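Here is what each chain is made of, one letter per residue.
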Amino acid sequence: MNTPEIIADYQCHNAEVPMWHPLEQCLYWADIPTGRMFRYYPNTNTHEQIYQGEPIGGITIQSDGALLLFMNKGAIARWQAGKLTPIIEIPEESDTRFNDCIADPTGRVFSGTVSTSTHLGNLYRLDTDGTITKVLTGLEIPNGMGFTPDGKQMYFTDSPKRKIYLFDYDKTTGNLSNQRVLITTPENEGVPDGMTVDAEGYIWSARWDGGHLFRYNPDGVEVLRIPFPAKKVSCITFGGTNYTDMYVTTAGGDRRATEGSGAGAVFRLNIGIQGVPEFMSKVQV
């Protein structure tokens, strides 16, 4: 599997937010515009649609195995055993949706909202006690995030700006500081989308309208690019028993003639590079 193979093809308009569930040994992902959610079990090579409703822009796994969903209209909900339980709504974000999210080493969650015609997007921090705090403003499309292996720095992507930023991170307080640009992508190679960090501390960034998955060293230097039969490569996560399987989502399944033969499918590849488990959220809800 050193080249991408399709493991599930629902011709998603925008397959996104892949998340490996370590307790269930399966992959979850969403098709944002159509409000669908799916899961894939590699042990049996089976997959299914498990949800249809409001769009889901971000997923974390709670420490008890439930999913925490960051959704449309500034809503956050808990999903378990087919039951969706709303827990938080942010009135200020009622005309937009969350886009991507990440749990930190202590179980907090960061998630951003997409800009609209009337206001720019914001990045929020959801603390484990359920309180929510706005931590960044003036965003366009907040996207992929990740942490350095020592947990002292955090990556954050704003797609239309073509930038991946690096912050100093205080995991005791959850505060971000010292923002600087680590990576700026070329104008003619699409925009950076979802991302993750592997066991060596290297950054993996999906490239929307760039047709590739990119790997960067911790200094932000490109070291590898992997082509996909889809222009819009949207996100990546590591999974499998050894975290050497890379699961990659793509978009454009409703426009394959122009977006590529694999547009909207979910891919897997294994090139022998190991990832690390994503942190679990521990929000008391």
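The following paragraphs examine the structure supplied in this document. (Residues numbered from 1 in each chain as written. Predicted model: local features only at pLDDT ≥ 70, side-chain atom pairs only at ≥ 80, totals over all residues. Heavy atoms only, no water.)

What to know about the sheet that holds strand 7 (residues 67–71)
Remark on secondary structure: sheet strands pair via backbone hydrogen bonds, oriented parallel or antiparallel. The antiparallel open sheet is built from four strands, whose spatial order is 6-7-8-9. Edge positions in the sheet fall to strand 6 (56–61) and strand 9 (83–89), since each of these pairs with one other strand and no more. Adjacent strand axes in the sheet meet at a mean angle of 25 degrees when their direction is disregarded. In this structure, strand 7 lies alongside strand 8 (residues 75–80), joined through four bridges in antiparallel fashion. Bridge pairing links Leu-68 to Arg-78 in strand 8. (Pairing = 2+ DSSP bridges. Helix = DSSP H or I, 4+ residues; strand = E, 2+ residues; numbered from the N terminus. Axes fitted to C-alpha atoms, helices over the stretch in contact; angles between N-to-C directions.)

Regarding the side chain of Ser-111
Considering the arrangement of structural elements, one finds Ser-111 in strand 11 (residues 109–113). Assessed through its relative accessible area of 1%, Ser-111 is described here as buried. There is a polar contact of 2.7 Å between the side chain of Ser-111 and the backbone oxygen of Asp-100. Excluding anything up to four places from it in sequence, Ser-111 contacts Phe-70, Phe-98, Asn-99, Asp-100, Cys-101, Asn-122, Leu-123, Tyr-124 and Met-145. (Buried < 20%, exposed > 50% of the residue type's maximum accessible area, 1.4 Å probe, protein only. Polar contact = N/O pair within 3.5 Å; in protein donor to acceptor, adjacent residues only side chain to side chain. Contact = heavy atoms within 4.5 Å.)

Digging into empty space enclosed by the protein
One simple way to see leftover space: roll a probe sized like a water molecule over the atoms. With the rule as written, the count across this model stands at two cavities of 30 Å³ or more. Put simply, the largest cavity is a space of about 140 Å³. Lining the largest cavity are 15 residues, and of these Pro-18, Met-19, Asp-100, Cys-101 and Met-195 sit closest to its centre. Residue composition of the lining of the largest cavity, by class: 10 nonpolar, three polar and two charged. For the second largest cavity, the full set of lining residues is Met-19, Trp-20, Pro-22, Ile-61, Thr-237, Phe-238, Tyr-243, Pro-277, Glu-278, Phe-279 and Met-280. Within the residue set of the lining of the second largest cavity, elements represented by two or more residues are strand 2 (15–21) and strand 22 (232–239). Among the residues forming the lining of the second largest cavity, the class breakdown is nine nonpolar, one polar and one charged. (1 Å grid on protein atoms, 1.4 Å probe; cavity = no way out; pocket = protein on both sides within 12 Å on 5 of 7 lines; lining within 4 Å. Points joined across faces, edges and corners; volume = space filled by probe spheres on them. Nonpolar A, V, L, I, M, F, W, Y, C, P; charged D, E, K, R; others polar.)

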